Every structure is written in structure tokens, then in C-alpha cells.
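Examining the three-dimensional arrangement
Listed below, chain by chain, are the residues.
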Amino acid sequence: MSRDHGFHPVRITRIVDETPDVRTFTLDTEFPYRAGQFMTFRVRGTLRSYSMSSCPDTDGELRVTVKRVPGGLVSGWMHEQLRPGDVLEATRPSGSFCLREDAGGRPLVAYAGGSGITPVFSLVKSALATTGRPVRLLTAHRSAADAIFSGELDALAAGRPGRLRLHHHLDDRDGLVDAASVLELAGGPADFYLCGPEPFMALVEETLSAHGVAEERIFVERFTPSNGTAPAPAARPAEGTVTVVLRGQRRSVPQRSGETLLQSARRAGFTPPFSCESGDCATCMARLTAGEAKMRVNNALDADEVAEGHVLTCQAEPSTTDVTVEYED
Ligand SMILES: Cc1cc2nc3c(=O)[nH]c(=O)nc-3n(C[C@H](O)[C@H](O)[C@H](O)COP(=O)(O)OP(=O)(O)OC[C@H]3O[C@@H](n4cnc5c(N)ncnc54)[C@H](O)[C@@H]3O)c2cc1C
Ligand code: FES
């Protein structure tokens, strides 16, 4: 049976202010999930993903934590409009920013900037509750008033002496996070988890790589696509066409090598659905009705769906001269 990528009604039972611009929404749902995963919400036709700050191993309720982005369409609407009792549309939880089965006793070292603490908080709670792994966490926030979950994290550390080493970094007190603070927690072999604003993630990734940490031990969750919504910079004209069918309209553009079907659809003038742009959520799913395409990453479609011709358009590049991709309404 294919995975369920559909949207389902979920009722909000509680709303809690974490900081002046961050709110946690408790949802009345029995959806199973893993620490570090997210749900995709459909708000007035716009799709956005939010990670669970709750942990299935320690928390009875499912909670998502949303930072209000200045000028942000969905986060602004959720902060202004949502009240307990309201019903939202959401997908079942998905995502692969999770603890690895093969981690054994390897330490978990996490770096979380701003709202990036949301999935990391869930991972930290899970690792502490279900493993004996040492956990080290650097959180970075602008000021103490913005430090989401700092009280809960301090309580976790105090309740498990020696298990959780915390470093709370505050920009207004400590300046911006630098390589030295990243390395202070790095130590020897470990699994490294990163989530936060793009410059913060770039610094942590570069510092860890220069420190000799293997790429496969660094796990990253990006809240914004690393390449934005622009066409692929390496895209060059290639032979053939990409035809896109969306909401009853059909448009063709010349193929460009290195360009995903999602990028081709945008170049054709469409605003196709997407959320994570990393192959995890299936929001961008469509069906190939002519030609073939190869996905760089697929953490969202099962073998049956792929056999039926479904692709993650954010990951699929044409592998035949002419390709037609149809989005389902
Ligand atoms: C897997 C995943 C998990 C996530 N988890 C969380 C989470 O747990 N918590 C959380 O708070 N967020 C999370 N996010 C981010 C979240 O999905 C949204 O991206 C975020 O809330 C902003 O959405 P928005 O609709 O409010 O803002 P948008 O309307 O998308 O705007 C975002 C920003 O871009 C600017 N902007 C918008 N359009 C343009 C434009 N055309 N040109 C220039 N600037 C523009 C806006 O002014 C604003 O500053 C996650 C994202 C992903 C992919
Ligand atoms: S946008 Fe999430 S898998 Fe493509």
C-alpha cells in the first residue's frame, strides 16, 4: 500500500507562548512519529512544514513550535488567527532528521540556532530517554528573551547529571557563534545534528568538515532551501524539453542540465507545490507521464509509488530527452 501523503484535519487543543515571537501549538492527533520529524500544513492553499518539538518517547501530546517570521505568510497567520479548537489541515509526520539506528553509544552533538531548536529539542529528549549516549548541545539565540526551551533544557540537564552538556550562546552577550565555540563541543567521534539559519549552519558544517568530521556523520535539517527558489546555478541548456501540467495548464521549456523538474516548472512560469526541497516531505510529488527522471534523494516515496511513475520533483532530473510531468490536483 502506498504511503499516505494526503492532508488530514487536526484540531488545536492548546497554544503556549514560548518567547515574544514563538508559539507552541498542541495538536489533537494520534499520528505516530519519530523525534526530529515534521508535518506539512496547508493554510489557505499554501504549504509549510513545522517540526515537532515534542518527543514521542517522552511527551504524551504532539506539539509543533512556530517562530513568527517578519512578513511571513503562514507563520504570521498561525500566530494571529489560530485559537484552541480550530482545525488545520496537515500531512502525517515525515522526515529523516532522526536518530540513526546504527548510532550505538556514539555521542550526539547538536547545534541549534533560533527556531532550529524545535526538532533538536525532540532529538535530545529522545536520545536521553531511550539511549545511554552522551549528549552535547549548543543553542544560539539573539538574546535571553529569545532563547526557546532554555528552561526545559536546563531542567533536563539538571535531572541527568553528566548526560547532557549544554552551551547556551547569546549573540548580545557573546557575539556571533564562531568556529572555536563549535569545536568546543565537537570532541571525538560523534553524530552531529544541525538546524538553524543558513549562515549558522554553513559555519558549523565548514568547521566540522575542517575538523575532519566525515560528511556521513553530519545530519542537517534546512528550514529554507539552501538554493532558494532560483533555477539551479549550474543549469546549462541541454537537448530536449520538459513539459509540465499543473491545474489543467500545460507548458514546455527547453531542458537544462543540472535542473530539477521543480526548477523547470518554476522556469515555465508555474508556482508548483513544495516545502522541504530535500526529498523528505513529498509535497512536490508529481507523476511522469512521458520520459524518465532520476531522483537525487528519495526519503518520501515508496517503491510502489516510484514504480507508478511518481517522482519528487524537487529531486528529479530528466534522464531522457523529453519528459512530461503532471501534478495531481
Ligand atoms: C522540514 C522543515 C521543517 C521546519 N520546521 C519549522 C519549525 O519547527 N518551526 C518554524 O518556525 N519553522 C519551521 N520551518 C520553516 C517554515 O516551514 C516556514 O518556512 C516559515 O515559517 C516561514 O514561512 P512563512 O509562510 O511564515 O513565511 P514566508 O511567507 O514564506 O516568508 C519567509 C520570509 O521570506 C520573505 N519573503 C517571502 N517571499 C519573498 C520574496 N518573494 N522575496 C523576498 N523575500 C520574501 C518574507 O518576508 C519572510 O521574511 C520548517 C521548514 C522545513 C522545510
Ligand atoms: S519539497 Fe519536500 S520532497 Fe520535494
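Residues numbered from 1 in each chain as written. Chains lettered and ligands numbered in written order. Predicted model: local features only at pLDDT ≥ 70, side-chain atom pairs only at ≥ 80, totals over all residues. Heavy atoms only, no water.

This part takes up the packing of aromatic side chains. Evaluation of the coordinates by the stated rule reveals 4 aromatic pairs. An angle of 50° between the planes, with centres 6.1 Å apart, marks the rings of Phe41 and Tyr50 as tilted. Summarising the aromatic geometry, the rings of Tyr193 and Phe219 are spaced 4.9 Å apart at their centres and angled 35° between planes, so their arrangement reads as tilted. Residue Tyr193 is located in strand S10 (residues 191–195), and its partner Phe219 is located in strand S11 (residues 218–221); the two are separated by 26 residues in the primary sequence. For Tyr193, a relative accessible area of 0% corresponds to the buried category. A network of ring pairs unites the aromatic residues Phe97, Tyr193 and Phe219 as a single cluster. When the ring centre of Phe270 is taken as origin, the NZ or CZ atom of Arg251, which lies over that ring, is 4.2 Å away. One Lys or Arg, Arg266, reaches over the ring of Phe274 and ends 4.6 Å from the middle of that ring. (Phe/Tyr/Trp six-rings, centres within 6.5 Å; stacked < 30°, edge-to-face > 60°. Helix = DSSP H or I, 4+ residues; strand = E, 2+ residues; numbered from the N terminus. Buried < 20%, exposed > 50% of the residue type's maximum accessible area, 1.4 Å probe, protein only. Lys NZ or Arg CZ within 6 Å of the ring centre and 35° of its normal.)

This next bit is on the pattern of salt bridges. A full pass over the atoms with the stated rule returns 22 salt bridges. Between Arg14 and Glu61 there is a salt bridge, with its nearest N and O atoms 2.6 Å apart. Of this pair, Arg14 sits in strand S1 (residues 8–19) while Glu61 sits in the loop between strand S4 (46–51) and strand S5 (62–67), and the two are 47 residues apart along the sequence. Among the residues examined, Arg14 registers a relative accessible area of 38% and is labelled partly exposed. For Glu61, a relative accessible area of 30% puts it in the partly exposed group. (Salt bridge = Lys/Arg side-chain N within 4 Å of Asp/Glu carboxyl O.)

Near ligand 1, the surroundings consist of 21 residues, among which Arg48, Ser49, Tyr50, Lys67 and Ser75 are the closest. Between ligand 1 and Tyr50 there is a distance of 2.7 Å, counted from an oxygen atom to a side-chain nitrogen or oxygen. A distance of 2.9 Å is found between an oxygen atom of ligand 1 and a backbone nitrogen or oxygen belonging to Leu73. Within the complex, 65% of the 970 Å² of free accessible area of ligand 1 lies under protein. Here ligand 1 occupies the largest pocket. When contributions to the shell around ligand 1 are tallied by element, the ones reaching two or more residues are S4, S5 and helix H1 (73–81). Its residues placed into classes, the shell around ligand 1 shows 9 nonpolar, 8 polar and 4 charged. For the shell around ligand 1, the two domains that each supply at least three residues are domain 1 (8–90) and domain 2 (101–221). (Near = heavy atom within 4 Å. Polar contact = N/O pair within 3.5 Å; in protein donor to acceptor, adjacent residues only side chain to side chain. Areas by Shrake-Rupley, 256 points an atom, 1.4 Å probe, with all protein chains shown as cover. 1 Å grid on protein atoms, 1.4 Å probe; cavity = no way out; pocket = protein on both sides within 12 Å on 5 of 7 lines; lining within 4 Å. Sits in = over half its atoms within 2 Å of the grid points. Nonpolar A, V, L, I, M, F, W, Y, C, P; charged D, E, K, R; others polar. Domains from an automatic or database assignment.)

Along its sequence, the chain is organised into domain 1 (8–90), domain 2 (101–221) and domain 3 (236–326). The straight-line distance from the C-alpha centre of domain 1 to that of domain 2 is 23 Å. Listed per partner, the contact involves 20 residues of domain 1 and 18 residues of domain 2. A combined buried area of about 1400 Å² lies between domain 1 and domain 2, and 58% of that area is made up of carbon and sulfur atoms. One can count 2 salt bridges joining domain 1 with domain 2. In this structure, the salt-bridge partner of Lys125 is Asp59, at a minimum N-O distance of 2.9 Å. Joining domain 1 to domain 2, the criterion identifies 4 residue pairs in polar contact (both at pLDDT 80 or more). Counting only elements with at least two residues in the side of domain 1 that touches domain 2, the list comes to S1, strand S2 (22–28) and S5. The element contributing the most residues to the side of domain 1 that touches domain 2 is S5, with 3 residues. Classifying every residue of the side of domain 1 that touches domain 2 by side-chain character gives 6 nonpolar, 8 polar and 6 charged. (Contact = heavy atoms within 4.5 Å. Buried area = accessible area lost by both parts, 1.4 Å probe.)

Note: α-helices contain 3.6 residues per turn, so residues at a spacing of three or four share the same orientation. The end-to-end C-alpha distance of helix H2 (residues 117–130), which contains 14 residues, comes to 20 Å, matching closely the 20 Å that a straight helix rising 1.5 Å per residue would cover. Across the 14 residues of H2, 12 count as buried, placing the element largely inside the fold. Among all positions of H2, only Ile117, Thr118, Pro119, Val120, Phe121, Ser122, Leu123, Val124, Lys125, Ser126, Ala127 and Leu128 are buried. (Expected span 1.5 Å × (residues − 1).)

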